[in-house]
Amino acid sequence: MADVIVVGAGISGLAFAWKAGQAGKQVLVLERDRRVGGCLHSERRPDGYWFEMGAHTVYNSYGAFLDIAVGGGVAGKIVQRGPARASFGLLRDGTYRWLTPPKVLLQLSWLEAAVHFPAGIFRKKEGETVYSYYSRLLGRGNYDRVISPFFAAVPSQKADGFPLEGAGSLFKKRPRREEFVRSFGFDGGLQLVADAAARSKGVTVETGVEVRRVARTAGGFAVTTADGRTLEAPLVAVAAPPDAAAAMLEQDFHELATGIRRVGTVRVDSMGVVLPRAECWMPECAFLVPVDDLFFSCVTRDPFPDPRMRAFAFHFRDGTSREQRLKRMSEVLRVPVERLGTPVERRTTLPSPALGHADIVAELDRCLAGGKLAVTGNYFAGLAIEDCVLRSNEEWKRVAG
Ligand SMILES: Cc1cc2nc3c(=O)[nH]c(=O)nc-3n(C[C@H](O)[C@H](O)[C@H](O)COP(=O)(O)OP(=O)(O)OC[C@H]3O[C@@H](n4cnc5c(N)ncnc54)[C@H](O)[C@@H]3O)c2cc1C
């Protein structure tokens, strides 16, 4: 019998497993997919070429994530993002503009910004959404035309209603670890860190195992899987996306499940392709952001250039059909659909935190207080990888204490 069962092998679950394993526990991680990593999804081809289908960038302010990379022995694979990191495309009304950060500012209407900025700069950030704050700071027109699409590219959804600060917010100030470069990836992809945690001390991962229910027992918890097994452990961590977490907790932790269901979610359908460099028309860039389109962003591998190939991962809005996605990719990349080959596809459920998210998190923590059930994920502190790892670390501290 394992000391700890973790449900979900995304970075939240693996960070929890890492902590438990390092503390000398025997940890069993159950993952529904055939691979570990969740949103840390580095697609690797037999010829060694890789690209990111999910998260793509980490920063030297991700100290807790870096602890796993260092402890897991993969920090030597850190690669600095190349010059393309500072170039991006804005696609509006069929026209592509290739920008660097200073040129983004030139897209703003300075007259509108000048009218709003003096009053906006003194506004308190507390209780504001991304939209309410930035539209008052720079003007609604500027926000809608320039700011909103860039913010939407970060969480692959409209970010207008996200809280500006605190739980659920997109950007947080954190101390930087100056011994690492400011923003980076890993040679082989971010999934390398997930892989390292999955094979770390005390941790065993079973993939292809869907958990249906987490129940209380006299000595701890019983976890029921879709293949009909019941596994017991004194300590369980649920690290699945909110919809899946609520479903498995519904029967025995009804109040908690109800609280989790209050977190809004969106579905993101991603499609990625690799093309020979000679067939790509797009200037090298980190990403392309469209205004009012079927997709929120197209993330490239250009910050880690390869002499032969380029890769493009499109992150589409909920509700688009596969045909629509292929057609749009073919239009943007200017290659016939047949040349796209068999794109890599993934579907992700992401939280959509709104104002008041901190109250939901406080309510969930109240339900969890005093028990040995841990719940972690990107719907607590925030979506960023570092937010996930920090939440897992806190949960481990709480239940292990
Ligand atoms: C396209 C995209 C780009 C991003 N880019 C960045 C970035 O550059 N930097 C950054 O910091 N963050 C980024 N993020 C956000 C970040 O990657 C995620 O928020 C984070 O990785 C989520 O980790 P998680 O473990 O909480 O959830 P997930 O990664 O979703 O993992 C949850 C796991 O639970 C499993 N699961 C679900 N149901 C069950 C079940 N019933 N039984 C067993 N297992 C189950 C799932 O299969 C999955 O593996 C990005 C996200 C996306 C989608």
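To be clear, the structure that these remarks concern was listed above.
Report on the accompanying structure. The structure displayed is predicted, hence computed values, not measured ones. (Residues numbered from 1 in each chain as written. Predicted model: local features only at pLDDT ≥ 70, side-chain atom pairs only at ≥ 80, totals over all residues. Heavy atoms only, no water.)

### A few points about the overall build of the chain
For step 1, the next point in the chain: Helix and strand content of the chain: 12 helices and 20 strands.
For step 2, the next point in the chain: Taking 401 residues into account, the globule formula puts the C-alpha radius of gyration at 21 Å, and the chain, at 21 Å, falls close to it.
For step 3, the next point in the chain: With respect to the three principal axes, the spread of C-alpha positions in the chain is 65 × 55 × 45 Å.
For step 4, the next point in the chain: Taken over 401 residues, the chain has a buried fraction of 56%.
For step 5, the next point in the chain: By sequence separation, contacts in the chain at least 24 residues apart represent 69% of the contacts at least 6 residues apart.
For step 6, the next point in the chain: For the chain, the exposed area adds up to about 17400 Å²; of that, 53% sits on carbon and sulfur atoms.
For step 7, the next point in the chain: The centroid of the 53 positive side-chain charges in the chain is displaced by 3 Å from the centroid of its 45 negative side-chain charges. (Helix = DSSP H or I, 4+ residues; strand = E, 2+ residues; numbered from the N terminus. Rg over C-alpha atoms; globule rule 2.2 N^0.38 Å. Buried < 20%, exposed > 50% of the residue type's maximum accessible area, 1.4 Å probe, protein only. Contact = heavy atoms within 4.5 Å. Areas by Shrake-Rupley, 256 points an atom, 1.4 Å probe, with all protein chains shown as cover. Lys, Arg positive; Asp, Glu negative; His and termini not counted. Charge placed at Lys NZ, Arg CZ, Asp CG, Glu CD.)

### A word on a nonpolar patch on the surface
For step 1, the next point in the chain: Where nonpolar side chains cluster on the molecular surface, the patch consists of Leu105, Leu106 and Trp110 and spans about 360 Å² of accessible area.
For step 2, the next point in the chain: Positionally, Leu105 belongs in helix α3 (residues 101-106).
For step 3, the next point in the chain: When its relative accessible area of 45% is taken as the criterion, Leu105 is described as partly exposed. (Patch = residues over 30% accessible without salt bridge, like charges linked within 9 Å, V, L, I, M, F, W, Y side chains within 5 Å. Salt bridge = Lys/Arg side-chain N within 4 Å of Asp/Glu carboxyl O.)

### What about the packing of aromatic side chains?
For step 1, the next point in the chain: Inspection of every chain in the model, using the stated rule, returns 20 aromatic pairs.
For step 2, the next point in the chain: Each ring, one from Phe65 and one from Phe186, has its centre 6.3 Å from the other, and the planes form 85°; the classification is edge-to-face. Taken together, the positions of Phe65 in helix α2 (residues 63-71) and Phe186 in strand β9 (residues 183-186) put the pair 121 residues apart, joining distant regions of the chain.
For step 3, the next point in the chain: Look at Tyr134 and Phe151: their rings are 5.1 Å apart centre to centre, the planes differ by 55°, and that puts the pair in the tilted class. A residue pair is termed long-range when its members are at least 10 positions apart, and Tyr134 in helix α5 (residues 130-138) and Phe151 in helix α6 (residues 140-153) qualify at 17 residues.
For step 4, the next point in the chain: The class of Tyr134 is partly exposed, set by a relative accessible area of 22%.
For step 5, the next point in the chain: Clustering of aromatic rings is evident, with ring pairs tying together Tyr133, Tyr134, Phe151 and Phe171.
For step 6, the next point in the chain: Note that Arg334 overlies the ring of Trp281, its terminal NZ or CZ placed 3.6 Å from the centroid.
For step 7, the next point in the chain: The ring of Phe380 has Arg391 lying over it, and the distance from NZ or CZ to the ring centre is 3.6 Å. (Phe/Tyr/Trp six-rings, centres within 6.5 Å; stacked < 30°, edge-to-face > 60°. Lys NZ or Arg CZ within 6 Å of the ring centre and 35° of its normal.)

### Brief notes about the sheet that holds strand β11 (residues 211-216)
Strands in a sheet are paired, the pairing made by backbone hydrogen bonds, and the direction either parallel or antiparallel.
For step 1, the next point in the chain: Within the open sheet, the 3 strands sit side by side as β11-β12-β13. Their pairing is antiparallel. Looking along the sheet, the strands with just one partner apiece sit at the ends: β11 and β13 (230-233). Strand-to-strand twist of the sheet, defined as the mean angle between neighbouring strand axes without regard to direction, takes the value 20°.
For step 2, the next point in the chain: Pairing between strand β12 (residues 221-225) and β13: 4 bridges, direction antiparallel. Of the residues in β13, the one forming a bridge with Ala222 is Glu232. (Pairing = 2+ DSSP bridges. Axes fitted to C-alpha atoms, helices over the stretch in contact; angles between N-to-C directions.)

### Here's the deal with the site of the ligand
For step 1, the next point in the chain: Around the ligand lies a shell of 36 residues, among which Ser12, Glu31, Cys39, Tyr62 and Leu383 are the nearest.
For step 2, the next point in the chain: A distance of 2.8 Å separates an oxygen atom of the ligand from a polar atom in the backbone of Cys39.
For step 3, the next point in the chain: Here Val211 contributes a backbone N or O atom positioned 2.9 Å from a nitrogen atom of the ligand.
For step 4, the next point in the chain: Here the ligand, which alone exposes 1000 Å², has 94% of that area covered by the protein.
For step 5, the next point in the chain: Those elements that provide at least two residues to the shell around the ligand are α1 (11-22), β2 (27-31), α8 (242-249), β19 (344-351) and α12 (385-400).
For step 6, the next point in the chain: A per-class count over the shell around the ligand returns 19 nonpolar, 13 polar and 4 charged. (Near = heavy atom within 4 Å. Polar contact = N/O pair within 3.5 Å; in protein donor to acceptor, adjacent residues only side chain to side chain. Nonpolar A, V, L, I, M, F, W, Y, C, P; charged D, E, K, R; others polar.)

### So, the sheet that holds β2
For step 1, the next point in the chain: Taken in spatial order, the 5 strands make up an open sheet running β10-β2-β1-β14-β20, and their pairing is parallel. Each of the sheet's edge strands pairs with one partner strand only, and the pair in question is β10 (203-207) and β20 (373-375). Neighbouring strand axes in the sheet, compared pairwise and without regard to direction, differ in orientation by 20° on average.
For step 2, the next point in the chain: Across 4 bridges, the pairing between strand β1 (residues 4-7) and strand β14 (residues 235-238) is parallel. Counted as the bridge partner of Ile5 is Val236 from β14.

### A short note on unusual backbone geometry
For step 1, the next point in the chain: Of note in the backbone geometry, Asp292 takes a positive phi value of approximately 50° without being a glycine.
For step 2, the next point in the chain: Inspection of the secondary structure puts Asp292 in the loop between β16 (287-290) and β17 (295-300).
For step 3, the next point in the chain: Of the residues examined, Asp292 reaches a relative accessible area of 66% and is grouped as exposed.
For step 4, the next point in the chain: The backbone of Arg334 shows a phi angle near 60°, a positive value even though the residue is not glycine.
For step 5, the next point in the chain: Residue position: Arg334 is located in the loop between α10 (322-333) and β19.

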